[in-house]
Amino acid sequence: MATKAENIRRVYRMPFASVYPHYIAKAEKKGHTKAEVDEIIYWLTGYDQRALKQRIDDKTDFETFFNDAPQINPNASKITGVICGYRVEEIEEELMQKIRYLDKLIDELAKGKAMEKILRK
């Protein structure tokens, strides 16, 4: 059985490109678009369309994806709530918190929350 540390490491090494289609599918299933998913990613990470596509094409892992992000949005700390059984604002491991922030934002989109609120405007 894998330890907690091994599971965390496995998530960090997972290619962002392998999860990205699931974000899109989750949004589209609820009547939202890839463009909205991308807007959320741009907002959170500071990547633009070209840089995001490059990261996906390069099969960049989550650790590199977030560590190389141009700028994590300063309002990301306003993201609160539960995702995968954890309160995002209480996750101590910084990288895991960023990954869960993205999960939470995509979840909010799929649940029909207004984009203005998702982007903490």
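Now for a description of the structure that goes with this document.

Analysis parameters
- Residues numbered from 1 in each chain as written.
- Predicted model: local features only at pLDDT ≥ 70, side-chain atom pairs only at ≥ 80, totals over all residues.
- Heavy atoms only, no water.
- Helix = DSSP H or I, 4+ residues; strand = E, 2+ residues; numbered from the N terminus.
- Rg over C-alpha atoms; globule rule 2.2 N^0.38 Å.
- Contact = heavy atoms within 4.5 Å.
- Areas by Shrake-Rupley, 256 points an atom, 1.4 Å probe, with all protein chains shown as cover.
- Core = buried A, V, L, I, M, F, W, Y, C linked by side-chain atoms within 4.5 Å.
- Buried < 20%, exposed > 50% of the residue type's maximum accessible area, 1.4 Å probe, protein only.

On to the overall build of the protein, then. A count of helical and extended segments in the protein gives seven helices and two strands. Secondary structure elements in the protein, listed N-terminal to C-terminal, are α-α-α-α-α-β-β-α-α. The C-alpha radius of gyration of the protein comes to 14 Å, within 12% of the 14 Å expected for a compact globule of 121 residues. With the C-alpha coordinates aligned to their principal axes, the bounding extent of the protein is approximately 40 × 30 × 30 Å. For the protein, long-range pairs separated by at least 24 residues make up 64% of all intrachain contacts whose partners lie at least 6 apart in sequence. In the form shown here, the protein has an accessible surface area of approximately 7,100 Å², with 50% of it arising from carbon and sulfur atoms.

Moving on: the environment of G31. Mapped onto the secondary structure, G31 falls in the loop between α2 (16-29) and α3 (34-45). Taking the C-alpha atoms as reference, G31 lies 9.7 Å from L109; in sequence the two are 78 residues apart.

Right, let's talk about the nonpolar core for a bit. If you look at the biggest cluster of nonpolar residues, it comprises 38 residues, and the most contacted ones within it are F16, V37, I40, L44 and L102. Elements with a minimum of two residues in this core: α1 (4-13), α2, α3, α4 (49-57), α5 (62-67), α6 (94-110) and α7 (115-118). Of the residues forming this core, the biggest block, eight residues, is contributed by α6. When sequence neighbours within four positions are dropped, the list of residues in contact with V37 reads Y20, Y23, I24, A27, I106 and L109.

Just distances and angles here, no functional claims.
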